[in-house]
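Per-entry structural report
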Amino acid sequence: MRVLGIETSCDETGVALYDSERGLLADALFSQIDLHRIYGGVVPELASRDHVKRLVPLVREVLERAGVAEGEVDGIAYTAGPGLVGALLVGGAFARALAFAWQVPALGVHHMEGHLLAPMLEDRPPEFPFVALLVSGGHTQLVRVDGIGQYQLLGESLDDAAGEAFDKTAKLMGLRYPGGPEIARLAEQGQSGRFVFPRPMTDRPGLDFSFSGLKTFTLNTWQRCVAEGDDGEQTRSDVALAFEQAVVETLTIKCRRALKATGLKRLVIAGGVSANRRLRASLEQMAGGLKGELFYARTEFCTDNGAMIAYAGCQRLMAGQQDGVGLEARARWPLEQLPSIVN
Ligand code: ATP
Ligand code: MG
Ligand code: FE
């Protein structure tokens with residue numbers, strides 16, 4: 001089965017074509033980062049309008065690169081939530097209209113299931129069951145995954161998501177949007193040990209997270225440096241490194257606990273923050289120590305993309321699922337509400 005995937009939940013327009021026999025045939029992405037950068041974050045209405053402009057050319061590009069004609073697509077998957085409602089509606093309406101014109105089924109896909117399954121597109125995909133750490137701009141969740149749609153939430157952030165903490169902290173330090181890659185870049189020049197930040201909620205049992213206090217701690221440290229006239233590039237890098245180390249170590253401690261609590265050996269990380277090199281290295285080492293294994297997607301499939309939606313949609317469409325008459329667009333949508341598929 002050949003499925004066209006359409007992602008428009010936030011500020012990236014992603015389109016891809018996935019074939020259940022041959023794998024990923026083509027994918028294309030337009031990132032709106034430059035559009036939103038001057039505002040320091042995503043402006044929802046601008047995002048919706050830009051998706052409208054990008055979809056048709058991206059679909060044409062993907063079909064052409066894949067060498068697939070319109071009549072050779074068997075289904076269309078689009079992100080139905082969670083995300084910005086206006087942006088979701090653009091992708092959903094477009095996908096449904098296209099499916100109607102092509103007379104193929106359409107299916108609304110859960111954005112976080114897309115992220116979660118993105119590592120399946122790699123050469124060495126993880127086998128079920130596994131523990132997944134979803135770390136993105138809007139989510140920080142530990143999930144036990146026994147199959148597609150068999151998700152048990154083990155823990156999550158009580159306030160900011162990990163990516164959100166990177167973005168907000170970067171903004172407070174005068175860095176560009178999105179902050180994750182900016183902090184990671186600065187941290188490479190940082191001097192380890194000059195600042196040590198707290199590891200929130202690691203001193204008590206449980207698998208929940210909290211990152212908003214760490215953000216404030218970082219801001220206070222940075223403001224103190226600025227007040228002392230110590231606001232040069234080296235100090236900024238040292239603060240960025242201390243923040244990144246705190247986030248990485250906190251996530252590593254909780255992942256270790258989750259593996260131990262479930263007795264599982266495989267750990268999957270997904271979402272934009274899973275692109276972080278320090279996080280990958282730390283989790284790789286931790287999992288190795290437990291005789292376990294770490295899995296993640298290639299960097300461009302850690303952040304939003306159409307390929308993950310095409311893949312997740314293909315699995316569900318093949319299992320016979322498809323949309324009813326209504327158009328799905330949900331700002332909030334718990335992952336655990338998804339039906340499981342039997343194959
Ligand atoms: P959600 O998926 O929860 O709806 P989103 O789609 O906005 O949110 P993603 O696209 O998965 O999030 O990821 C974007 C986030 O990843 C941003 O917060 C960004 O700062 C962060 N990020 C990207 N690369 C890195 C990196 N190398 N290190 C840390 N964070 C990163
Ligand atoms: Mg994004
Ligand atoms: Fe995302």
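The structure under discussion appears in the preceding block.
A short tour of the structure in this document, coming up. Fair warning: this is a prediction, and the values are worked out from it, not measured in the lab.

1. Here we look at unusual backbone geometry
Following Gly81, the chain continues into Pro82 via a peptide bond in cis, with omega recorded as -15°. Relative to the helices and strands, Pro82 is located in the loop between β4 (75-81) and α3 (85-102). With an omega dihedral of -5°, the bond running from Phe128 to Pro129 counts as a cis peptide bond. Notably, Gln103 is not glycine yet its phi reads approximately 60°, a positive angle. By secondary structure assignment, the location of Gln103 is in the loop between α3 and β5 (106-110). Even without being glycine, Met201 reaches a positive phi, approximately 60°. Along the chain, Met201 turns up in the loop between α6 (179-187) and α7 (212-227).

2. Brief notes about the site of ligand 1
Ligand 1 sits among 21 residues. The nearest are Ser136, Gly138, His139, Asp167 and Asp304. Ser136 places a polar side-chain atom, nitrogen or oxygen, 2.5 Å from an oxygen atom of ligand 1. Between ligand 1 and the protein, one listed contact pairs an oxygen atom with a side-chain N or O atom of Asp304 at 2.7 Å. Going through the elements one at a time, α4 (111-117), α5 (162-172) and α6 are the ones with two or more residues in the shell around ligand 1. Of the residues in the shell around ligand 1, the class split is seven nonpolar, 12 polar and two charged. Residue contributions to the shell around ligand 1 reach at least three from each of two domains, namely domain 1 (2-117 + 301-337) and domain 2 (128-296).

3. Concerning the nonpolar core
Counting residues in each nonpolar core, the largest one holds 63 residues, and the members touching the most others are Leu4, Leu17, Ile76, Trp102 and Tyr151. If you tally residues by element for this core, the top one is helix α10 (residues 306-318), at eight residues. When we break this core down by domain, the ones giving at least three residues each are domain 1 (2-117 + 301-337) and domain 2 (128-296). Every residue in contact with Tyr151, bar those within four places of it in the chain, is listed here: Glu113, Leu116, Leu117, Val143, Arg144, Val145, Leu335, Glu336 and Leu338. Core analysis: the second largest hydrophobic core is formed by 42 residues, Ala170, Met173, Phe209 and Ile269 among them.

4. Remarks on the packing of helix α8 (residues 233-262) against helix α9 (residues 277-289)
Two elements in contact, α8 and α9, have axes whose closest approach is 9 Å; the angle formed by their N-to-C orientations is 35°. For α8 against α9, the interelement crossing comes out right-handed. Residues Leu241, Glu244, Gln245, Val248, Leu251, Thr252, Cys255, Arg256 and Leu259 of α8 form the contact with α9, whose participating residues are Arg278, Leu279, Ser282, Leu283 and Met286. Among the residues making up the contact of α8 with α9, the classes are represented as eight nonpolar, three polar and three charged.

5. Quick notes on the pattern of salt bridges
Tallied over the entire structure, the rule returns 23 salt bridges. The partner of Arg96 in a salt bridge is Asp323, and the shortest N-O contact between them spans 3.2 Å. Of this pair, Arg96 sits in helix α3 while Asp323 sits in the segment after α10; the two residues are 227 residues apart in sequence, bridging distant segments of the chain. When its relative accessible area of 21% is taken as the criterion, Arg96 is described as partly exposed.

6. Some points on the side chain of His111
Take His111: it is sitting in helix α4. Looking at His111, the relative accessible area reads 6%, which means it is buried. Polar side-chain contacts of His111 include one of 2.9 Å to the side chain of Glu7. Once you skip the residues sitting within four places of it in the chain, His111 turns out to touch Glu7, Ser9, Thr79, Gly81, Pro82, Asp304, Met308 and Ile309.

7. Remarks on the sheet that holds strand β8 (residues 150-156)
Here we have five strands laid out as an open sheet, ordered β8-β7-β6-β9-β10, and mixed in their pairing. The open sheet is flanked by β8 and β10 (293-296), the only strands paired with a single partner. Between one strand and the next, the sheet's axes are offset by a mean angle of 25°, whatever the strand orientation. When strand β7 (residues 140-147) meets β8, the two strands line up antiparallel, connected through six bridges. Residue Arg144 lies in a different strand from β8, and its bridge partner there is Gln152. Lying over the sheet, α8 contacts β6 (130-135), β7, β8 and β9 (266-270), oriented at roughly 155° with respect to β6.

Analysis parameters
- Residues numbered from 1 in each chain as written.
- Chains lettered and ligands numbered in written order.
- Predicted model: local features only at pLDDT ≥ 70, side-chain atom pairs only at ≥ 80, totals over all residues.
- Heavy atoms only, no water.
- Helix = DSSP H or I, 4+ residues; strand = E, 2+ residues; numbered from the N terminus.
- Near = heavy atom within 4 Å.
- Polar contact = N/O pair within 3.5 Å; in protein donor to acceptor, adjacent residues only side chain to side chain.
- Nonpolar A, V, L, I, M, F, W, Y, C, P; charged D, E, K, R; others polar.
- Domains from an automatic or database assignment.
- Core = buried A, V, L, I, M, F, W, Y, C linked by side-chain atoms within 4.5 Å.
- Buried < 20%, exposed > 50% of the residue type's maximum accessible area, 1.4 Å probe, protein only.
- Contact = heavy atoms within 4.5 Å.
- Axes fitted to C-alpha atoms, helices over the stretch in contact; angles between N-to-C directions.
- Left-handed = near helix turned anticlockwise from the far one by under 90°.
- Salt bridge = Lys/Arg side-chain N within 4 Å of Asp/Glu carboxyl O.
- Pairing = 2+ DSSP bridges.

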